[in-house]
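Take a look at the letters that make up each chain.
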Amino acid sequence: MGFLNALMGNASEVDLDKLNEELTPIMADSEQLQLAYKLVRDIFAFTNKRLILIDKQGMTGKKVSYHSIPYKAIVHFEVETAGRFDMDAELKLWISGQAEPLVKELKRGTDVVGIQKTIAKFTL
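Predicted, not measured: the structure shown is a model, and the values here were computed from it.

Participant: What's the story with the overall build of the protein in this structure? I'm lost.
Facilitator: When helices and strands are tallied, the protein shows 3 helices and 8 strands. The burial tally for the protein puts 35% of its 124 residues in the buried class. When contacts within the protein are restricted to residue pairs at least 6 apart in sequence, long-range pairs at least 24 apart make up 35% of them. In the form shown here, the protein has an accessible surface area of approximately 7800 Å², with 53% of it arising from carbon and sulfur atoms.

Structure (structure tokens):
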């Protein structure tokens, strides 16, 4: 089912040991990976200090963008669940110093409650 979920765009939890190996070079000394969700090739990685949005680009996925957002910079957030006719959910993060929110589209079946709960855990 994991492969089918990935094709459908559903987020699933990531093996933290494997992801930790990839992120160790960019993490601070006292930073620890707590939880991560994978959505096809993109990853939402929650550490004890920040949210890292990992965007793997291109056909091979070798080009990677790491967008780090310290939890203290998140002013507020919104999770909009998928509706009957709208198949996608959305995560909106308002970051201090930016007028417009950062918007991430989440496919139907994504654990939006888990993502929202994790953001709340670290920001509140």
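Participant: How should I be thinking about the sheet that holds strand S8 (residues 102-107) in this particular structure?
Facilitator: Here 3 strands make up an open sheet; going across it, the order is S6-S7-S8 and the pairing antiparallel. The open sheet is flanked by strand S6 (74-80) and S8, the only strands paired with a single partner. The sheet shows a mean angle of 15 degrees between the axes of neighbouring strands, taken without regard to direction. The pairing of strand S7 (residues 88-95) with S8 spans 6 bridges and is classified as antiparallel. Paired with leucine 91 across the two strands is lysine 104, which belongs to S8. Sheet strands touched by helix H3 (residues 112-123): S6, S7 and S8. Its angle to S6, the strand with the most contacts, is close to 165 degrees.

Participant: How should I be thinking about the nonpolar core in this particular structure?
Facilitator: Nonpolar side chains tend to gather and get buried jointly when the protein is soluble and globular. Counting residues in each nonpolar core, the largest one holds 22 residues, and the members touching the most others are Phe44, Phe46, Leu91, Leu93 and Leu106. Every element with two or more residues in this core is listed here: strand S2 (33-39), strand S3 (42-47), strand S4 (50-57), S6, S7, S8 and H3. One finds Leu19, Ile43, Ile52 and Ile54 within the second-largest nonpolar core, a separate group that totals 10 residues.

What counts as what
- Residues numbered from 1 in each chain as written.
- Predicted model: local features only at pLDDT ≥ 70, side-chain atom pairs only at ≥ 80, totals over all residues.
- Heavy atoms only, no water.
- Helix = DSSP H or I, 4+ residues; strand = E, 2+ residues; numbered from the N terminus.
- Buried < 20%, exposed > 50% of the residue type's maximum accessible area, 1.4 Å probe, protein only.
- Contact = heavy atoms within 4.5 Å.
- Areas by Shrake-Rupley, 256 points an atom, 1.4 Å probe, with all protein chains shown as cover.
- Pairing = 2+ DSSP bridges.
- Axes fitted to C-alpha atoms, helices over the stretch in contact; angles between N-to-C directions.
- Core = buried A, V, L, I, M, F, W, Y, C linked by side-chain atoms within 4.5 Å.

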